[in-house]
Amino acid sequence: AAPAKNTSAPLFASLPADIQEAGTIQVGSDLAYAPMEYLDEDGKVVGFDVELADLIGEQLGVEFVFNNAQFDSLITQLKSDRIDVAISGMSDTAERQKEIDFVDYYNAGGVLLVKKGNPSGLQSADDLCGKTVAVQRGTTAEEVSNAQSTTCTDAGKEPVEVLAFDRETEAMLQVKNGRADSGMQDYPVAAYNARTSGGGNDFEIVGDQIEAGPLGIAVSKEDTQLRDAIQEALQAVMDSGDYQKLIDAYEVP
Ligand code: ARG
């Protein structure tokens, strides 16, 4: 576990008073998104985002506490102050920037994840016309799939049938059971699932990354001091080389 409040940490003084007082930063996160954030067999919160938060927390002298939440509730929770930040592999998009601020920490796009052997013979998102894609509700994958459907119908082809689920794990099950032709997930997540699920026999990745862009730690627009403190702490983690060590440890491609 991350150390408790440490008032002599390098960036403790740059935190807002209420966070200094609490000694914690309350995080909202959908903890079913391996390897970014998930629960291990013992129910412990683990993953790339979690370890990065620990490193940032060391710089700030406070502990990031992860609270499990549904992904599509995170922005509302932030705006209503029920959480201090959202760390959930969340893409920093122009659309979301209208509502919240981001501290970017990684770059990833979506990619198609299909059943091993690629039974529907998909090569790219353009092949989704007339096919079924399973995605997590409220994600960029859902948006991209809906946009692709419009592209299909504009071209006089069949629309994409987009099946949306609260958890990414439910969407993946559809692909595994053959009830969806494809899933669409952030590249590091799809790569992890292709490598690990069923000992590497359940899924494979098809085609290139779609609309790659930054993932960010999301902060309320009112919390500029917290945002800037996290930004500074992240920079320190990057300058120290610890960020690169984390990337290497997770073999995030
Ligand atoms: N990057 C995508 C998005 O922001 C998906 C993130 C899903 N994260 C999660 N923990 N389930 O929409």
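Each remark here, short or long, concerns the structure printed above.
Description of the structure in this document.

Scoring rules and cut-offs
Residues numbered from 1 in each chain as written. Predicted model: local features only at pLDDT ≥ 70, side-chain atom pairs only at ≥ 80, totals over all residues. Heavy atoms only, no water. Pairing = 2+ DSSP bridges. Helix = DSSP H or I, 4+ residues; strand = E, 2+ residues; numbered from the N terminus. Salt bridge = Lys/Arg side-chain N within 4 Å of Asp/Glu carboxyl O. Buried < 20%, exposed > 50% of the residue type's maximum accessible area, 1.4 Å probe, protein only. Right-handed = clockwise from strand over helix to strand, strands pointing away. 1 Å grid on protein atoms, 1.4 Å probe; cavity = no way out; pocket = protein on both sides within 12 Å on 5 of 7 lines; lining within 4 Å. Points joined across faces, edges and corners; volume = space filled by probe spheres on them.

1. Comments concerning the sheet that holds strand 2 (residues 32-33)
The sheet built from three strands is open, its strands ordered 2-3-4 with antiparallel pairing. Pairing within the sheet leaves two strands with one partner each, and these edge strands are strand 2 and strand 4 (45-46). Inspection of the sheet shows strand 2 paired to strand 3 (residues 37-39) by two bridges, in the antiparallel sense. Of the residues in strand 3, the one forming a bridge with Tyr33 is Glu37.

2. With respect to the pattern of salt bridges
Inspection of every chain in the model, using the stated rule, returns nine salt bridges. For Arg227, the salt bridge is made with Asp101, and the minimal N-O distance between the two is 2.7 Å. Note that Arg227 is positioned in helix 8 (residues 224-239) and Asp101 in strand 7 (residues 100-115), a separation of 126 residues in sequence. The class of Arg227 is partly exposed, set by a relative accessible area of 23%. In this structure, Lys176 engages Asp202 in a salt bridge whose closest nitrogen and oxygen atoms are separated by 3.6 Å. Here Asp202 lies in the loop between helix 7 (187-196) and strand 11 (203-220) and Lys176 lies in helix 6 (residues 168-176), a separation of 26 residues in the sequence. Lys176 sits in the partly exposed class, given a relative accessible area of 36%. For Asp202, a relative accessible area of 14% translates into the label buried. Because the salt bridges share partners, they merge into one network encompassing Asp101, Lys221, Arg227 and Asp228.

3. Quick notes on the pairing of strand 8 (residues 132-136)
A large share of strand 8 lies buried, amounting to five of its five residues. Side chains Thr132, Ala134 and Gln136 project from strand 8 onto one buried face, and the interleaved Val133 and Val135 project onto a second face that is buried too. Here strand 8 pairs with strand 9 (residues 161-165) via five bridges, running parallel. Each bridged residue has a counterpart across the sheet, and for Val135 the counterpart in strand 9 is Ala164. Once the chain exits strand 8 it traverses helix 5 (residues 140-154) before rejoining the sheet at strand 9, and the crossover so formed is right-handed. Pairing of strand 8 with strand 10 (residues 182-186), which is carried by two bridges, proceeds in the parallel orientation. If you follow Ala134 over to strand 10, its bridge partner there is Gly183.

4. A short note on empty space enclosed by the protein
Any empty space left between the atoms is revealed when a probe the size of a water molecule rolls over them. Following the criterion strictly, the structure yields two cavities of 30 Å³ or more and no others. Estimates place the volume of the largest cavity at around 110 Å³. Lining the largest cavity are 15 residues, with Tyr33, Gly89, Thr139, Thr140 and Asp186 sitting closest to its centre. Put simply, the parts of the chain that give the lining of the largest cavity at least two residues each are helix 5 and strand 10.

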